[in-house]
Amino acid sequence: MLNTIWIVMILAGVITGILTGRMGEVSDAVLESCVNSVNLVIAMLGSMCLWSGMMKVAQKGGLVNNLAKLLKGIFRFLFPGIPKDHSANGAIAMSISADLLGLGNAATPLGIMAMKELSDVNKNSTVASNAMVMFGVVNAACIQLIPSTVLIIRQQAGSTEPSSVIPCIWVASLISLVSGIAAAKLLEKFNFSKG
Amino acid sequence: MILMNFISDFSIPGVILIIVLVAYIKGIPVFDAFIEGAGEGAKTALNILPTMVGIIAAVSVLNASGLIDILTDLISKPFELIGIPPETLPVLLIRPFSGSASLGMFSEQIRIYGADTYIGRVLSTIMGSSETVIYTLAVYFGATSAKDTRHAVAASLISSYMGMFAAIYICKVL
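Just so we're clear, the structure is a prediction, and the values are computed from it rather than from any experiment.

What is the right way to read the overall build of chain B from this model?
Each helix and strand counted, chain B has nine helices and zero strands in total. Reading the helices (α) and strands (β) of chain B from amino to carboxyl end gives α-α-α-α-α-α-α-α-α. On C-alpha atoms alone, chain B measures out to a radius of gyration of 20 Å, which is more than a quarter above the 16 Å that the 2.2 N^0.38 rule sets for 174 residues. Taking the principal axes of the C-alpha coordinates as reference, chain B spans close to 60 × 50 × 35 Å. Burial analysis of chain B (174 residues in total) assigns 49% to the buried set. The long-range fraction of contacts in chain B, counting pairs at least 24 apart against all pairs at least 6 apart in sequence, stands at 61%.

Here's what the structure looks like:
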């Protein structure tokens, strides 16, 4: 999909540039953008190291397991039908804590692991179970305790108080999460199947 | 307001302290564990560099050519009527579909409008509170045998846009 989006963006941009007579600006912008993206990734490199490292410490220190125990009641409501001692519970907890730390791409492998466990509980059927859909939705709602990438980009953009948006992000995430769970619980009653 | 400042100042050091302290009490070699995880994080970050260069280059072409201004001018009126700032539209529209594209757009927009302005804060909240829903679902379900994802896409999009629209109003209040 990105292949199409990318070519459309470049084509539309260059054509508009010709029409508006701003090719000079466009050409400067392209060269400048390379420097900007490297700066951005270098800035993100540090925070990715920090939070992935913290995640590993939290995992080994047992915090992730504690979180799983803490969330047991909620898990039973969100993901009904998972046997109590099934490894899916731990996998979901790991994935959610990686989300909480805002690990983004680093959280993906953990999410995939959890989804596979849920699929296992679903006897690897070709039709997703309610629990699988709910896990996808909860993951997509993405409750971030520390939105590290956003903070880094804010800092790069010259923010004097990068972390001032954290409370806003928490509230917005919560609204997104609650409406996602409600939507999933409601929509699971209707037949969305393709076949 | 004071409480908000307290929360935003203490959240990062607080989380770090709890994580490290708990692991240390359990007798984990905390620094070794940290280094192991940090190495994995570095790899992930480096892996996205090529994507970022490609997307940010394309976004900068769109910006410099004036197309983004023209487009946002065109569709801004109806959105302004329901209280959505037109400057947030590009990120709002692309966010559920591509993480790197929205990240590239976000970092360009925030440089133009300023990080501490209302627009900058709304954009930050949108980025921080939402996910690349379509990509996430594709990757997660792609790893399983489930070909029929039922209401997953619908529910995720509802969740995403509820959060993003909420961001616009929350940033006015907080």
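Can you walk me through the nonpolar core in this structure?
Counting 104 residues, the largest nonpolar core has Val 57, Phe 135 and Val 137 of chain A together with Ala 167 of chain B as its most contacted members. Among the elements that make up this core, the one with the highest residue count is helix 2 (residues 23-60) of chain A (12 residues). Taken domain by domain, the makeup of this core includes at least three residues from each of domain 1 (1-47) and domain 2 (49-173) of chain B.

For this particular structure, what's the right way to read the environment of Asn 39 of chain A?
Residues and elements named next belong to chain A. Residue position: Asn 39 is located in helix 2. For Asn 39, a count of 12 C-beta atoms within 10 Å translates into the label exposed. Between the C-alpha atoms of Asn 39 and Gln 156, which are 117 residues apart in sequence, the distance is 8.6 Å.

Help me understand helix 2 (residues 30-47) of chain B in this model?
Owing to its 3.6 residues per turn, the α-helix brings residues three or four apart onto one side. All names here are of chain B. In this model, helix 2 (18 residues) spans 26 Å end to end at C-alpha, consistent with the 26 Å of a helix rising 1.5 Å per residue. Where helix 2 is concerned, the buried positions are Val 30, Ala 33, Phe 34, Gly 37, Ala 38, Gly 41, Thr 44 and Ala 45. Buried residues along helix 2 cover an arc of 125 degrees about the axis, so they all sit on one side. Opposite the buried face of helix 2, at more than 90 degrees from it, the exposed residues are Asp 32 and Asn 47.

Hey, could you run me through the packing of helix 7 (residues 130-141) of chain A against helix 8 (residues 133-142) of chain B in this one?
Packed helices, taken two at a time, are described by their axes: the angle between them and the distance between them. Closest axis-to-axis distance for the helix 7 of chain A/helix 8 of chain B pair is 10 Å, and the angle between their directions is 140 degrees. With respect to helix 8 of chain B, the element helix 7 of chain A is oriented oblique. Here the hand of the crossing between helix 7 of chain A and helix 8 of chain B comes out right-handed. Together, Gly 136, Asn 139 and Ala 140 of chain A of helix 7 of chain A and Val 133, Thr 136, Leu 137, Tyr 140 and Phe 141 of chain B of helix 8 of chain B make up the contact between the two elements.

Would you mind showing me how to read the interface of chain B and chain A here?
Size of an interface, as often reported, equals the accessible area lost when the parts are brought together. Of the residues lining the interface, 86 residues belong to chain B; the matching set on chain A comes to 96 residues. Those elements that provide at least two residues to the side of chain B that touches chain A are helix 1 (2-25), helix 2, helix 3 (49-65), helix 6 (99-113), helix 7 (118-129), helix 8 and helix 9 (152-173) of chain B.

Please explain the environment of Ile 56 of chain B as it appears in this structure.
Topologically, Ile 56 of chain B is positioned in helix 3. A residue is classified by how many C-beta atoms lie within 10 Å of it, and Ile 56 of chain B, with 28 of them, is buried. Once the C-alpha coordinates of Ile 56 of chain B and Phe 79 of chain B are considered, the two residues, 23 residues apart in sequence, prove to be 26 Å apart. Look past the residues within four positions of Ile 56 of chain B in its chain and what remains in contact with it is Ser 33, Asn 36 and Ser 37 of chain A together with Gly 104 and Glu 108 of chain B.

Teacher, can you tell me more about unusual backbone geometry here?
For Asn 124 of chain A, which is not a glycine, the phi torsion comes out positive at approximately 50 degrees. Examined against the element boundaries, Asn 124 of chain A turns out to sit in the loop between helix 6 (108-121) and helix 7. Residue classification places Asn 124 of chain A among the exposed positions, given that 11 C-beta atoms sit within 10 Å. The phi dihedral of Arg 150 of chain B falls on the positive side, at around 50 degrees, and the residue is not glycine. Among the secondary structure elements, Arg 150 of chain B is positioned in the loop between helix 8 and helix 9.

Is there a simple way to think about helix 6 of chain B in this case?
Residues and elements named next belong to chain B. Spanning 15 residues, helix 6 covers 21 Å between terminal C-alpha atoms, matching the ideal 21 Å at 1.5 Å per step. When helix 6 is considered as a whole, its buried residues turn out to be Gly 99, Ala 101, Ser 102, Leu 103, Gly 104, Met 105, Phe 106, Ser 107, Glu 108, Gln 109 and Ile 110. Gly 114 occupies a position one or two residues after helix 6 and carries a positive phi of about 95 degrees.

Explain the environment of Ala 146 of chain B here, please?
Note on placement: Ala 146 of chain B falls in the loop between helix 8 and helix 9. Residue Ala 146 of chain B is classed as buried on the basis of its C-beta count, with 23 C-beta atoms lying within 10 Å. In the structure, Ala 146 of chain B is positioned 112 residues away from Phe 34 of chain B in sequence and 36 Å away in space, judged by C-alpha atoms. If sequence neighbours within four positions are ignored, Ala 146 of chain B has contacts with Ser 119, Ser 125, Thr 126, Val 127, Ala 128 and Met 132 of chain A together with Phe 141 of chain B.

Sorry if this is basic, but what is going on with the confidence of the model for chain B here?
Interpretation of the predicted coordinates at a detailed level should be avoided for regions scoring low in pLDDT. Averaged over chain B, the pLDDT score is 85; the fraction of residues at 70 or greater is 96%. This prediction of the complex comes with two scores: 0.76 for pTM and 0.75 for ipTM.

So, how was this worked out
- Residues numbered from 1 in each chain as written.
- Chains lettered and ligands numbered in written order.
- Predicted model: local features only at pLDDT ≥ 70, side-chain atom pairs only at ≥ 80, totals over all residues.
- Helix = DSSP H or I, 4+ residues; strand = E, 2+ residues; numbered from the N terminus.
- Rg over C-alpha atoms; globule rule 2.2 N^0.38 Å.
- Buried ≥ 20, exposed ≤ 12 C-beta atoms within 10 Å, placed from the backbone.
- Contact = placed C-beta atoms within 7 Å.
- Core = buried A, V, L, I, M, F, W, Y, C linked by C-beta atoms within 7 Å.
- Domains from an automatic or database assignment.
- Expected span 1.5 Å × (residues − 1).
- Arc of directions from axis to C-beta.
- Axes fitted to C-alpha atoms, helices over the stretch in contact; angles between N-to-C directions.
- Parallel < 35°, antiparallel > 145°, perpendicular 65-115°, else oblique.
- Left-handed = near helix turned anticlockwise from the far one by under 90°.
- pLDDT = per-residue confidence, 0-100.

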